[in-house]
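Read off the chains here:
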Amino acid sequence: MGETNPLVSWILTITGSLFIAVLAARAFGHWAKKEHGALITHIVGGAVVAFFIFNSSKAVTILKMVGEKLSSIFTGTG
């Protein structure tokens, strides 16, 4: 994940742009219908997914750390 592959960078840019467009359209729909709870939930979830899209190497590091912690809890080691 540390290397900069132009194809991976391009795919992540396209995916991120599409995600932001869909997020904006859905957020506007929730706002227009006065569904404020759904709007807030949608925005928070979108922020998490955007983090995974735009900071994929940091996200993988965090997921590995969480996986190791869960593994140590369930196996009793650590």
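Please refer to the structure placed before this passage.
Rules used in this analysis
- Residues numbered from 1 in each chain as written.
- Predicted model: local features only at pLDDT ≥ 70, side-chain atom pairs only at ≥ 80, totals over all residues.
- Heavy atoms only, no water.
- Helix = DSSP H or I, 4+ residues; strand = E, 2+ residues; numbered from the N terminus.
- Expected span 1.5 Å × (residues − 1).
- Buried < 20%, exposed > 50% of the residue type's maximum accessible area, 1.4 Å probe, protein only.
- Contact = heavy atoms within 4.5 Å.
- Polar contact = N/O pair within 3.5 Å; in protein donor to acceptor, adjacent residues only side chain to side chain.
- Arc of directions from axis to C-beta.

J.: Pulling in residues and values, what's your account of unusual backbone geometry?
T.: Even without glycine at this site, K34 takes up a positive phi of about 60 degrees. Mapping K34 onto the fold places it in the loop between α1 (6-32) and α2 (36-54).

J.: Lay out α1 in plain terms, naming residues and giving numbers.
T.: Look at α1: 39 Å from first C-alpha to last across 27 residues, which is about the 39 Å you get at 1.5 Å a residue. Those residues of α1 that sit buried are G16, F19, A27 and H30. Packing partners of the buried residues in α1 comprise α2. N-cap assignment for α1: the residue whose side-chain oxygen lies 3.1 Å from the backbone N of L7 is N5. With its phi angle positive at about 60 degrees, K34 sits one or two positions after the end of α1.

J.: Break down α2 for me, with residues and values.
T.: Between the first and last C-alpha of α2 there are 26 Å, a value that for 19 residues agrees with the 27 Å anticipated at 1.5 Å per step. Inspection of α2 places L39, H42, G46, A50 and I53 among the buried residues, and these make up the whole buried set. The buried residues of α2 occupy one face: seen down the axis, they fall within an arc of 70 degrees. Those residues of α2 that are exposed and aimed more than 90 degrees away from the buried face are G37, I40, T41 and V44. Buried residues along α2 sit against α1 and α3 (56-75).

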